[in-house]
Amino acid sequence: KQEVTQIPAALSVPEGENLVLNCSFTDSAIYNLQWFRQDPGKGLTSLLLIQSSQREQTSGRLNASLDKSSGRSTLYIAASQPGDSATYLCAVRPDNQGGKLIFGQGTELSVKP
Amino acid sequence: GAGVSQSPSNKVTEKGKDVELRCDPISGHTALYWYRQSLGQGLEFLIYFQGNSAPDKSGLPSDRFSAERTGGSVSTLTIQRTQQEDSAVYLCASSLTAGHIQPQHFGDGTRLSIL
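Residues numbered from 1 in each chain as written. Chains lettered and ligands numbered in written order. Predicted model: local features only at pLDDT ≥ 70, side-chain atom pairs only at ≥ 80, totals over all residues. Heavy atoms only, no water.

A. The arrangement of the overall build of chain B in detail. A tally of regular secondary structure across chain B gives zero helices and 11 strands. Listed N to C, the secondary structure of chain B is β-β-β-β-β-β-β-β-β-β-β in terms of helices and strands. Computed over its C-alpha atoms, the radius of gyration of chain B comes to 13 Å, within 12% of the 13 Å expected for a compact globule of 115 residues. Counting contacts in chain B only where the partners sit at least 6 residues apart, residues at least 24 apart contribute 55% of the total. (Helix = DSSP H or I, 4+ residues; strand = E, 2+ residues; numbered from the N terminus. Rg over C-alpha atoms; globule rule 2.2 N^0.38 Å. Contact = heavy atoms within 4.5 Å.)

B. Main features of the layout of surface pockets. Counted as a void, the largest pocket has a volume near 730 Å³. Around the largest pocket, the lining comprises 31 residues; the ones closest to its centre are Gln38(A), Gly41(A), Gln37(B), Leu39(B) and Arg111(B). Looking at the lining of the largest pocket element by element, the count peaks at four residues for strand 11 (residues 110-114) of chain B. Residues of the lining of the largest pocket, tallied by class, amount to 10 nonpolar, 16 polar and five charged. When its volume is computed, the second largest pocket comes out at roughly 490 Å³. What lines the second largest pocket is a set of 21 residues, and nearest its centre among them are Lys1(A), Gln2(A), Ile102(A), Leu43(B) and Glu44(B). (1 Å grid on protein atoms, 1.4 Å probe; cavity = no way out; pocket = protein on both sides within 12 Å on 5 of 7 lines; lining within 4 Å. Points joined across faces, edges and corners; volume = space filled by probe spheres on them. Nonpolar A, V, L, I, M, F, W, Y, C, P; charged D, E, K, R; others polar.)

C. The arrangement of the interface of chain B and chain A in detail. Listed by partner, the interface residues are 22 residues for chain B and 21 residues for chain A. Both faces combined, the contact of chain B with chain A buries some 1,600 Å², and carbon together with sulfur accounts for 50% of it. The three residues of chain B that bury the most area against chain A are Leu43(B), His100(B) and Phe106(B), which together make up 33% of that side's buried surface. Where chain B packs against chain A, one counts one salt bridge. The residue Lys42(A) makes a salt bridge to Asp108(B) at a minimum N-O spacing of 4.0 Å. Here the element with the most residues in the side of chain B that touches chain A is strand 5 (residues 42-50) of chain B; it accounts for four residues. Residue composition of the side of chain B that touches chain A, grouped by class: 10 nonpolar, nine polar and three charged. (Buried area = accessible area lost by both parts, 1.4 Å probe. Salt bridge = Lys/Arg side-chain N within 4 Å of Asp/Glu carboxyl O.)

D. The sheet that holds strand 8 (residues 72-77) of chain A, seen in detail. All names here are of chain A. Spatially, the five strands line up as an open sheet ordered 1-3-8-7-6, and their pairing is antiparallel. Either end of the sheet is taken by a strand with one partner, and the two such strands are strand 1 (4-7) and strand 6 (56-59). Averaged over all pairs of adjacent strands, the angle between strand axes in this sheet comes to 15°, irrespective of strand direction. Where strand 1 and strand 3 (residues 19-25) come together, four bridges link them in antiparallel fashion. Counterpart to glutamine 6 in the pairing with strand 3 is cysteine 23. (Pairing = 2+ DSSP bridges. Axes fitted to C-alpha atoms, helices over the stretch in contact; angles between N-to-C directions.)

E. Summary view of the sheet that holds strand 8 (residues 75-79) of chain B. All names here are of chain B. Read across the sheet, four strands follow the order 1-3-8-7 without closing on themselves; strand pairing throughout is antiparallel. The open sheet has two free edges, formed respectively by strand 1 (5-7) and strand 7 (65-69), since each of these has just one partner strand. Within this sheet the neighbouring strands show an average axis-to-axis angle of 15°, counted without direction. Sheet analysis places strand 1 next to strand 3 (residues 19-24), joined by three bridges and oriented antiparallel. Bridged to serine 5 within strand 3 is aspartate 24.

F. Representation of unusual backbone geometry in the model. Residues Ile7(A) and Pro8(A) are joined by a peptide bond in cis, for which omega reads 0°. Counting through the fold element by element, Pro8(A) comes out in the loop between strand 1 and strand 2 (10-14). Cis rather than trans, the peptide bond between Ser7(B) and Pro8(B) has omega equal to -10°. Along the polypeptide, Pro8(B) turns up in the loop between strand 1 and strand 2 (10-13). At Ala79(A), a position not held by glycine, the phi torsion is positive, near 45°. Here Ala79(A) is to be found in the loop between strand 8 and strand 9 (86-94).

Keep in mind that these numbers describe shape and distance, not what the molecule does.
So this is what it looks like as structure tokens:
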């Protein structure tokens, strides 16, 4: 059974720091991995999607990497800003299980001015 | 452009009542997904639709839960005889197709509270 774990559960940093969020998964048979952001009381905003054949994706100050064989992904946020404060979720899409995503529990990020 | 729209945004009801939650996907998206987010369980998959058919209902927690999609667009999730453990945020997502290169786009959810 696929399990997704995110470490740390919560993180507080001063503005301007570069930071890394971690995601691990137990079964490497995945199609892709997606990183989301969730603001309080809101739905999920898709940040980056990495296909299983890819190693990384970049969007602005965000860079996500994927090491499928070791079951790990990282989300790197450069020059953090208070507006980056949110919960970050990673989700994997398993092979041959239709369209479902399996989510980690999230990392709650607080960036202090 | 319009994103995924869910209604109502909040619903409070008494235990034992039936509730209907609505999801309007992004126009042109053929795949639609329902998830549930609760404090203890995190985000869990419930069901997904490709067009009007539901190839995967494996996440529905009991036979009190059902969902349908008509016209390849709007979907309704129905919970019969609600229980307190049904309290959660119900999130809907859509994607252009069910293909694995397509990201899922989420609505803001319906917050369901069972008294």
